[in-house]
Amino acid sequence: MTTGASLDELRATLSEVRRAPQAKARGMPREFYTSPAFLALEKERIFRHEWVCLGHVGEIPNPGDYFVSSLIDEPLLVMRDGDGDVRILSNVCRHRANLLAKGKGNCAVLRCGYHAWTYALDGRLLRAPLMDDVAQFDKTRFTLPSFQAQVWEGFIFVNLDDNAPPLAPRLSELMPHIEHYHQEERDLLYTSEAVWRTNWKCLTENFMESYHISVTHPKTIHPYMPSARAQKIPGNDAFTAYKGGYTSSAPQRGAYHPDLTPEERRSSLLFCVFPSFVVSYAPDITIYLCLQPKSVDEVAIRWGITGYDIDPQSEEVQAYVAFCDAFNEEDRTKLEAVQRGLKSRFFTPGPLAPDNYEGTVWDFYQFMASRLARDSTTRNTHEQPPI
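What you see is a predicted model, and the numbers here were worked out from it, not measured in a lab. (Residues numbered from 1 in each chain as written. Predicted model: local features only at pLDDT ≥ 70, side-chain atom pairs only at ≥ 80, totals over all residues. Heavy atoms only, no water.)

It is worth spelling out the environment of E263 at this point. Relative to the helices and strands, E263 is located in helix α7 (residues 262-265). Ignoring anything within four residues of it in the chain, the contact list for E263 reads Q231 and K243. (Helix = DSSP H or I, 4+ residues; strand = E, 2+ residues; numbered from the N terminus. Contact = heavy atoms within 4.5 Å.)

A word on unusual backbone geometry. Between F274 and the following residue, P275, the backbone shows a cis peptide bond with an omega angle of 10°. Summarising the element assignment, P275 is placed in the loop between β14 (267-273) and β15 (277-281). Unusually for a residue other than glycine, A116 sits at a positive phi of about 65°. Residue position: A116 is located in the loop between β6 (110-111) and β7 (118-119). Of note in this structure, Q136 is not a glycine but carries a positive phi near 60°.

What follows covers the nonpolar core. F32, L289, Y365 and M368 are the most contacted members of the largest nonpolar core, which has 74 residues in total. The element best represented in this core is helix α9 (residues 355-372), accounting for eight residues. Aside from chain neighbours lying at most four places away, what touches F32 is L10, L14, F38, E42, K201, E205, Y365 and M368. Core analysis: the next-biggest nonpolar cluster, separate from the first, contains 25 residues, A238, A241, V279 and C290 among them. (Core = buried A, V, L, I, M, F, W, Y, C linked by side-chain atoms within 4.5 Å. Buried < 20%, exposed > 50% of the residue type's maximum accessible area, 1.4 Å probe, protein only.)

Structural data, given as structure tokens:
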């Protein structure tokens, strides 16, 4: 029977991963997915310094539109200001920490429901009732904190680290593989939220590996995109990707952009922007998942579908949502069972499948090792967090 690995042992294992040849790639120890101390390290070293996707611009099409979100317990407000620019503000009132907004909607100003402090859409404090008699009170000192926001391919990313370099240049090597899909022309058709009882890394890895498809999805995905037709695409420290080829008997997927090559019309491109944004570009439609750790064994999911010039209420879209719900349920069932299995003290990880099938998982391990291994550095910040 094995005993649990300590945080230091996990970080030492990740150091070994950085040096190991891929031919010797193995799965990670159970504590990689179950240790509260390791999750705390992930939050500090990764989620406070990396670009994390919160949703799609189609959720806030007009000035004043907003939706609330959070990142590692930091309440966030994602919105379009009066000029139509995407902003990400703190959703916490500067007076006594009440949350300013909930859900989603449209507003001309942000008004706290506790004491009516009122903010402009750019975060400036406009009004603070009955505060004129407070000595040296200065509204300009109480602007809402704002965070780095970038829109890439129509997706909204945030970074809590003011010193983080921009996202787009890091993904330049991915662009040749996705540019013909013209994601910027695809409209938001559907969005939803869920919580699954599994570690966030389990779902990230699952979405990005083709090895499970023919077994886990025998009636949904396998008939048109079986595991055996996967082809790994070279990645880097910002992303990993693979191409899922369609069977010859699979019908052509809907309307597609004329720039797509014949091969691109007969395949899907699946990729992960590290740490936790996973996407599938099909010729006619996109499905994406924004993932965040909720706890060691819970992942928060905000997912959606985009496509070309389709009525979101159409039967076509509703049928695709039902299709996504079906294969998502298949994945959820497996991953929640995996999370229970990871609690076994007798579990020892086995080798990964060949590059085309689980090479993306190895890439993900390399990313995690680059941030969390004992011999790693925190790339996006000017100082090391205490460990």
